[in-house]
Amino acid sequence: MKENIFGKDINACEAVMKDLGEARYRGKQLYQWLYEKRCNKFSEMTNFSNELREKLTDKYELFHARIQLKQEDHHDRTKKYLIELGDGQYIEAVLMHYEHGVSLCVSTQVGCNMGCKFCASTKGGKIRDLSAAEMLDQIVLAEKAEELRISNIVIMGIGEPLENYEEVIKFIRIANTGFGIGQRKISLSTCGIIPGIEALAEENLQINLAISLHSVFSERRKVLMPIANRYELEPLMDACKAYFNKTGRRITYEYALIDGFNDRDEDIAGLIKLLKGSQNHLNLIGLNEVQESAYKESPRLNYFFGELEKHGVNVTMRRKMGREIDAACGQLRKKEMRIR
């Protein structure tokens, strides 16, 4: 079976050309064809000789996944794609329209091991990590389907990005230098994998880091997010502080409001204590309910937001999108797997 050339970074593209007996600069040209020009066939690489294109074809393939199913919310134009990978596994990507541009929420794993109680992605656990090529494919497929260019990426789909660290970093760098998506327009969300946060601080990236918080009380957070038993709240907050001091990039804390669980007055007081006066930011989220979970969206969302804002917390409320479709992470994939 031929190796897929899509997903190779600039150094790997240069190595390919060296192995084929070509000059190093050909590697840069190959990189431009794959990403900047979104080329789908070796035959389209017109500044390569016929001989070089034949050598590439003999040794490599240029493979992309495919969209199996698309859902659209006609109120806000949110689109969700069920993507079939080369081995028959499925992932999801979600396209969202904002005033600042078009954002794509990408997945990093097939399934997820984090076990968050309010999320459909984790039901059934993780099957495998995605390659950088499979993450980049989500951009390629969405752009082709909608005939547009993605301006923003949120790495918040199925999977825990920092559990697939090397491929995610590779994806970010190619999305930036290959597809031309600015690093400050790329956001990565983690459940709080402390070693990954520490490593990310050393990467010299300008991306946005988001932490799934969901409770300021350690024991309650453990109920929602089993991974919090391994990476407890206090050392997590220490790692976040170190990340901010190292990078100068403010951190967003994500907080999905759950009826009767984390929407109490004492939760408001805890968030004020944690975040008031800091440069970091709280993103308040209306819970996307899933069939497999008993957790329900809180009716106190507006009150909760108002109290935090009144007490000086830097808070925004995430616009809820995709209400007509299976917009919560993992719902569409799980439905397809049940059918099959």
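For the structure itself, consult the block above.
Residues numbered from 1 in each chain as written. Predicted model: local features only at pLDDT ≥ 70, side-chain atom pairs only at ≥ 80, totals over all residues. Heavy atoms only, no water.

A.B. asks: In this structure, what is going on with the packing of helix α6 (residues 194–201) against helix α8 (residues 233–247)? I would like to understand it.
C.D. replies: For any two helices packed against each other, the geometry is given by the interaxial angle and the distance between the axes. At their nearest, the axes of α6 and α8 sit 9 Å apart, and the two run at 5° to each other. Judged by the angle between their axes, α6 and α8 are roughly parallel. Only Pro 235, Leu 236, Ala 239, Tyr 243, Lys 246 and Thr 247 of α8 make contact with α6, whose side of the interface consists of Ile 194, Ile 197, Leu 200 and Ala 201. Residues that form the contact of α6 with α8 fall into these classes: 8 nonpolar, 1 polar and 1 charged. (Axes fitted to C-alpha atoms, helices over the stretch in contact; angles between N-to-C directions. Helix = DSSP H or I, 4+ residues; strand = E, 2+ residues; numbered from the N terminus. Parallel < 35°, antiparallel > 145°, perpendicular 65-115°, else oblique. Contact = heavy atoms within 4.5 Å. Nonpolar A, V, L, I, M, F, W, Y, C, P; charged D, E, K, R; others polar.)

A.B. asks: Help me understand the layout of surface pockets, please; the structure alone is not making it clear to me.
C.D. replies: A probe as big as a water molecule, rolled over the atoms, marks out the empty space that is left. Reported here for the second largest pocket is a volume of approximately 350 Å³. Surrounding the second largest pocket, 20 residues form its lining, Asn 4, Phe 63, Ser 131, Ala 133 and Glu 134 being those nearest its centre. For the lining of the second largest pocket, the secondary-structure elements that each account for two or more residues are β1 (3–4), α4 (132–146) and α5 (165–177). A total of 4 residues in the lining of the second largest pocket trace back to one element, the largest contributor, which is α4. (1 Å grid on protein atoms, 1.4 Å probe; cavity = no way out; pocket = protein on both sides within 12 Å on 5 of 7 lines; lining within 4 Å. Points joined across faces, edges and corners; volume = space filled by probe spheres on them.)

A.B. asks: How should I be thinking about the pairing of strand β9 (residues 152–155) in this particular structure?
C.D. replies: It is a general feature of regular strands that their side chains alternate between the two faces of the sheet. Here β9 shows two buried faces, one formed by Asn 152 and Val 154 and the other by Ile 153 and Ile 155. As paired elements, strand β6 (residues 101–105) and β9 share 3 bridges and run parallel to each other. Note that in β9 the partner of Leu 104 across the bridge is Ile 153. Across 3 bridges, β9 lies against strand β10 (residues 186–190) in parallel orientation. Of the residues in β10, the one forming a bridge with Ile 153 is Ile 186. Viewed along the sheet, the connection from β9 through α5 into β10 turns out right-handed. (Buried < 20%, exposed > 50% of the residue type's maximum accessible area, 1.4 Å probe, protein only. Pairing = 2+ DSSP bridges. Right-handed = clockwise from strand over helix to strand, strands pointing away.)

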